[in-house]
Amino acid sequence: MQYRTGNDIRELFLRFFESKGHRRVHSSSLVPANDPTLLFTNAGMNQFKDLFLGAERREYARATTSQKCVRAGGKHNDLENVGFTRRHHTFFEMLGNFSFGDYFKRDAIAFAWELITSPEWFGIPKDRLYVTIFEGGDGVPRDDEAEGYWIEAGVPKERIKEYGAKDNFWQMGETGPCGPCSEIFYDLGMDAAEVGPDGEKKDLPFGEDDARYVEIWNLVFMQFDRSAVTDAAGKTTGYKLAPLPKPSIDTGMGLERVAAVMQGKISNFETDLFTPLIRRAAELVGLASRQDGESASQQVSEPAQGGASPDLETLLGNASLRIIADHARAATFLINDGVLPANEGRGYVLRKILRRGIRHGRLLGQEKPFLFEMVFAVRDLMQGAYPELIDSASRVAKVIEAEEKQFDRVLKIGLTRLDEELKSQFTGEKAFHLYETFGLPLDFMVDAARDAGVKFDEAGFEAARAEEQARARASWKGGSQKTASPAYRDLPKTAFEGYKQLNSTHGEVLAIVKDGQGVPAAAAGDQVEIVLDHTSFYGDSGGQVGDTGWFTTADGNATVAEIQGCVLPVQGVRAHKALLKQPLAVGDHVNTIVDGDRRNAIRRNHTGTHLLHAALRQILGTHVKQAGSSVDPTRLRFDFSHFAQVADEELQEIEDIVNREVLANARVETLEDVPIDVAVSEYHAMALFGEKYGDKVRVVKLSDGFSTELCGGTHTAATGEIGLFKLTSEGAVSSGVRRIEAISGLGSLDTFRRDFELAQVISQLAPAPAGGSLSEGLRAKLAAQEDELKRLKRELEEMRMKSAAGSLDEALSHAVEVKGIRLVTLRTDSLERGQLRTLVDNLKQKLGEGVVVLASAQPEGKVALIAGVTPGLAKRIQAGKLVGAVAKLVGGSGGGKPEIAEAGGKDQAQIDAALHATPELVGQLLG
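Everything numeric in this text was worked out from a predicted model, so none of it was measured.

Let's talk about the overall build of the protein
Part 1: Summing up its helical and strand segments, the protein has 25 helices and 35 strands in all.
Part 2: In terms of principal-axis extent, the alpha carbons of the protein reach across some 105 × 90 × 70 Å.
Part 3: Residue burial in the protein is summarised as follows: out of 927 residues, 50% are buried.
Part 4: Residue pairs at least 24 apart in sequence account for 69% of intrachain contacts in the protein once pairs closer than 6 positions are excluded.
Part 5: Counting every atom, the protein has about 42,900 Å² of accessible surface; 49% of that belongs to carbon and sulfur.
Part 6: If you average the places of the 110 positive and of the 132 negative side-chain charges in the protein, the two averages end up 3 Å apart.

Encoded structure:
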């Protein structure tokens, strides 16, 4: 078997299936497009899910990909295992071939065996390979068909083993496409065998040693549609399987695993896909020195004679270095695909990956930011297959460096909190909070607890961890994605005529869907969805809302239906949401009429979105990329990647740029059916976040190249049709993502009129100064009023303070003696805490020696408490313990230093009772 690099294996796989008539399809984003059921792309089939579900059609029936995947959250979570096993990763590449109703088992098996065993391709020895088939169960027969095809391909019968549904039956979800699968395993030999209880390696047969026999390829045969069986109440009572009309193939081969096989390695981390990264990680944490001028892709790219050097072998066995290398790959690709560190969802998983990598760097002695440097090593190693890393590496590194610095601050806070917790009851739940929120390592907390003489609550920690994992799974259930209704699945694509006209004539009714079921006809008053053979209605997609309007009779004399929206239940098929005004049947013909005023408002906002995107990149930088959008008749919303709030001056400049392009009235040019590679490489069109594109795309060019994007939406013919473009708001959506909202056309005019009316009112209340603007006059008026309010508030506080100070002598006269110590209590409402502290100091001074407790009713029903103890008594009674005891009586808590301490409460009705009980509390504390 010839040694092959990871890059060679990837290219050989894709080239092999191209030779078998497959279309090479580029990896989709790690953020699944239009699929709420997935946290991250975790398999090669994800981008083809709609094809398998019957909700999408493409011009090819065979495809092959190398798909980037992440399994680090939700149902598929390998995070805690990474670094400590040979084959677990957060980020990995899945090689796959797919058939969408074209070839099935026989060809899939023949292709697989040829690729992996032919000397022309992988050339893996046949005597090291085993395969598995489905043994049958749950009403599905044994997969004798697959077994026969494996034998036909040349696999000896004794090398075929059968397993149950857990291992050899695959399903997309509770319902939908499913079927048996076959797996191919490779025997790594005795070097990889498991060590038995006696410390010796056992020569076990296939199926009894998971470490020695590694799965390298899984072939899924989608041949059934699994549907729910319900009772009269609609409750699911079971499931049934029906044969799919067009069985399909979905296969997945882990690149990292195959690289280990073909490079003669036991662990994936010993392959050339990881060794350069592990070497660079060792350099960054100070365990190795870097050779001058050597890039990551040059390091250890060829096998050393006689195996790895002892130094490298030691590094490759270091679990922390493995974790850093793996997590650097995952973080680089996730951030490249638009994910940013956050406290929820995908961003939270990314943050956990980053912090785990940082923590393992600290375990190796590196406490300064280092992980961001790994981005460039990942780029050097993988830019051949993923050229987008060349442009994004600097931006990705900045995100990681910022996260490293923030984590350093959080970690310092966490250590302080740990010290505090160890002084009280340190429960497992509290430990998990420190672990999850501040990133404190479990083993570190265990050691700290032992040093403090505190028993660590490991059971409580694990219970809290399990509870959090359950919450995380529940928070990412997403939407259940079902197969498209049969009423839509087999319909031809709807011819869309709406780019050039608002009306279409003589459209044939191909389907009427009522309550999810196809019906031959519907009556007046029914709410239905109608599919025509051609239409002028745009359907919801690309962030743009669908059109509304009407259907009329073929002669145009009567309204057939009011159209309240248009959607695409299956790619290319447009379903009109209709309220029928008269009966309608399949085969009838109607005219379509789009609400032109509404469509024009949408077009203005959509074209404005493109201009806004270009202006943002021009002012803020090319790191700005769309992260979501919404375009409707009333306004546009645009989400984009950026690290800071956009300054008012920048917003004004952005708005000016857009309006200059509007005033230029430049032509809006659309190019139809452009090959995707031509659109991106030659026209430099931007592909937008979260969108899926076919092989042929539509390109929208504005202002002679000022903006060029892939877009299927409706647009103005020239930029001047937008009218006035006005930004209305800018704010944060999540960490690293900002949102701008804007209006255009008549919406801007309406806003201008309202603002003008408001300006007229303001001019009467706060006239503009000579030579100044109305806003300056208003600011001056508001500033003067604010100064007046501050003056009045200051005078009121002084009066309150004088009143309180005047009551000190009276309070002293009512001092009580508790076990030889004088105690003064006083209620003085509506004073700030600083004023209360001043009064305590004054009372302590007047007392000479004693204890003081003040209580004050505060705004919003709150209570402020302050206790003071003169220095000579601080060893007998502490202010912190005293104020905490009093606070409990007013529904609060607090503490502080021995000589002065503060607390809060929320039950003002108990203030007097609490002060009355204070002498008894002092007596208890004195003992």
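Comments concerning the packing of aromatic side chains
Part 1: For the coordinates displayed, the defined rule picks out 29 aromatic pairs.
Part 2: Arranged with centres 6.3 Å apart and planes meeting at 85 degrees, the rings of Phe17 and Trp217 form a pair that is edge-to-face. Residue Phe17 is found in helix α1 (residues 6-19), and its partner Trp217 is found in strand β10 (residues 213-230); the two are separated by 200 residues along the sequence. For the pair Phe17 and Trp217, one class covers both residues: buried.
Part 3: Ring geometry for Phe134 versus Phe169: centroids 5.3 Å apart, planes at 50 degrees, classification tilted. On the criterion of sequence distance, the pair formed by Phe134 in strand β6 (residues 129-134) and Phe169 in strand β8 (residues 169-171) is long-range, its members being 35 residues apart.
Part 4: The buried category is assigned to Phe169, whose relative accessible area is 16%.

Remarks on the sheet that holds strand β26 (residues 696-702)
Part 1: If you trace the three strands from one edge of the open sheet to the other, you get β25-β26-β27, paired in antiparallel fashion. Every interior strand has two partners, whereas the edge strands, β25 (668-675) and β27 (707-710), have only one. Within the sheet, the average angular offset between the axes of one strand and its neighbour, ignoring direction, is 20 degrees.
Part 2: The pairing of β25 with β26 spans six bridges and is antiparallel. The residue of β26 that forms the bridge with Val668 is Leu702.

What to know about the pattern of salt bridges
Part 1: The full count for this structure, using the stated rule, is 47 salt bridges.
Part 2: Salt-bridge contacts for Arg142 lead to Asp144; the nearest nitrogen and oxygen are separated by 2.4 Å.
Part 3: Each of the salt bridges in this network shares a partner with another, and the network as a whole consists of Arg142, Asp144, Glu147, Lys157 and Glu162.

Re a nonpolar patch on the surface
Part 1: Together, Leu746, Leu749, Phe752 and Phe756 give the surface a local cluster of nonpolar side chains, amounting to about 410 Å² of exposed area.
Part 2: On the secondary structure map, Leu749 appears in helix α20 (residues 745-765).
Part 3: Note on Leu749: relative accessible area 34%, which makes it partly exposed.

Concerning the side chain of Asp250
Part 1: Turning to its location among the elements, Asp250 is positioned in strand β11 (residues 236-254).
Part 2: One buried charged side chain, Asp250, makes no salt bridge at all; its nearest oppositely charged neighbour is Arg71, positioned 9.2 Å away.
Part 3: Those residues in contact with Asp250 that sit more than four places away from it in its chain are Met45, Phe52, Asn97, Phe98, Trp170, Asn218, Leu219, Val220 and Met222.

Remarks on the confidence of the model for the protein
Part 1: For the protein, mean pLDDT is 87; residues scoring 70 or higher make up 93% of the total.
Part 2: Every residue in residues 475-481 scores below 50 in pLDDT, and together they form 18 contacts with partners more than four places removed in sequence or on other chains.

Some details on the sheet that holds strand β28 (residues 725-734)
Part 1: With respect to topology, four strands assemble into an open sheet ordered β23-β24-β29-β28, the strand pairing being antiparallel. Every other strand in the sheet has two partners, leaving β23 (626-631) and β28 as the edge strands with one partner each. Direction aside, the axes of adjacent strands within the sheet are offset by 15 degrees on average.
Part 2: Relative to strand β29 (residues 737-744), strand β24 (residues 636-641) runs antiparallel, the two sharing six bridges. For Phe638, the partnering residue across the bridge sits in β29 and is Ile740.
Part 3: Helix-sheet contacts for helix α17 (residues 596-620) involve β23, β24, β28 and β29, and the interaxial angle to β24 is about 25 degrees.

Section: the pairing of strand β5 (residues 91-99)
Look at any regular strand and the pattern is simple: side chains alternate between the two faces of the sheet.
Part 1: Across the nine residues that make up β5, a large majority, nine, are buried.
Part 2: Burial of β5 is two-sided: the residues Phe91, Glu93, Leu95, Asn97 and Ser99 facing one way and the residues Phe92, Met94, Gly96 and Phe98 facing the other way are all buried.
Part 3: In this sheet, β5 lies alongside strand β2 (residues 62-70) in antiparallel orientation, the contact comprising nine bridges. Note on β5: the bridge partner recorded for Thr64 is Asn97.
Part 4: Note that β5 and β11 share four bridges and pair antiparallel. Across the sheet, the residue bridging to Phe98 is Asp250, located in β11.

Details of helix α9 (residues 319-336)
Part 1: Under the 1.5 Å per step criterion, the end-to-end length of α9 is 26 Å for 18 residues, consistent within 8% with the ideal 26 Å.
Part 2: Across the 18 residues that make up α9, a large majority, 17, are buried.
Part 3: The distance from a side-chain oxygen at the start of α9 to the backbone nitrogen of Ser320 is 2.9 Å, and the residue carrying that oxygen is Asn318.

Notes on the packing of α9 against helix α12 (residues 388-421)
Part 1: Contact geometry of α9 with α12 gives a least axis separation of 9 Å together with a crossing angle of 105 degrees. With respect to each other, α9 and α12 are oriented roughly perpendicular. Touching Ala331, Thr332, Phe333, Ile335 and Asn336 of α9 are Glu388, Leu389, Ser392, Arg395, Val396, Val399 and Ile400, all from α12.
Part 2: Among the residues making up the contact of α9 with α12, the classes are represented as seven nonpolar, three polar and two charged.

Considerations on the nonpolar core
Part 1: Formed by 115 residues in total, the largest nonpolar core has its most connected members in Phe122, Trp150, Ile184, Ile216, Trp217 and Met445.
Part 2: With residues near it in sequence (within four places) discarded, Ile216 still touches Ile124, Leu129, Ile184, Tyr186, Gly252, Met253, Gly254, Val258 and Val261.
Part 3: Counting 27 residues, the second largest nonpolar core, distinct from the first, contains Ile821, Leu865, Ile877 and Ala903.

A closer look at the packing of α12 against helix α13 (residues 428-438)
Part 1: One way to put it is that α12 packs onto α13 with a least axis distance of 9 Å and a crossing angle of 170 degrees. One finds that α12 runs roughly antiparallel with respect to α13. Taking contact as the criterion, the partners of Phe407, Val410, Leu411, Ile413, Gly414, Arg417, Leu418 and Glu421 in α12 are, on α13, Lys430, His433, Leu434, Thr437 and Phe438.

Notes on the pairing of β23
Part 1: Most of β23 is tucked away, with five of its six residues classed as buried.
Part 2: Bridging between β23 and β24 involves five bridges; their strand directions are antiparallel. Along β24, the bridge assignment pairs Ser629 with Phe638.

What counts as what
- Residues numbered from 1 in each chain as written.
- Predicted model: local features only at pLDDT ≥ 70, side-chain atom pairs only at ≥ 80, totals over all residues.
- Heavy atoms only, no water.
- Helix = DSSP H or I, 4+ residues; strand = E, 2+ residues; numbered from the N terminus.
- Buried < 20%, exposed > 50% of the residue type's maximum accessible area, 1.4 Å probe, protein only.
- Contact = heavy atoms within 4.5 Å.
- Areas by Shrake-Rupley, 256 points an atom, 1.4 Å probe, with all protein chains shown as cover.
- Lys, Arg positive; Asp, Glu negative; His and termini not counted.
- Charge placed at Lys NZ, Arg CZ, Asp CG, Glu CD.
- Phe/Tyr/Trp six-rings, centres within 6.5 Å; stacked < 30°, edge-to-face > 60°.
- Pairing = 2+ DSSP bridges.
- Axes fitted to C-alpha atoms, helices over the stretch in contact; angles between N-to-C directions.
- Salt bridge = Lys/Arg side-chain N within 4 Å of Asp/Glu carboxyl O.
- Patch = residues over 30% accessible without salt bridge, like charges linked within 9 Å, V, L, I, M, F, W, Y side chains within 5 Å.
- pLDDT = per-residue confidence, 0-100.
- Expected span 1.5 Å × (residues − 1).
- Polar contact = N/O pair within 3.5 Å; in protein donor to acceptor, adjacent residues only side chain to side chain.
- Parallel < 35°, antiparallel > 145°, perpendicular 65-115°, else oblique.
- Nonpolar A, V, L, I, M, F, W, Y, C, P; charged D, E, K, R; others polar.
- Core = buried A, V, L, I, M, F, W, Y, C linked by side-chain atoms within 4.5 Å.

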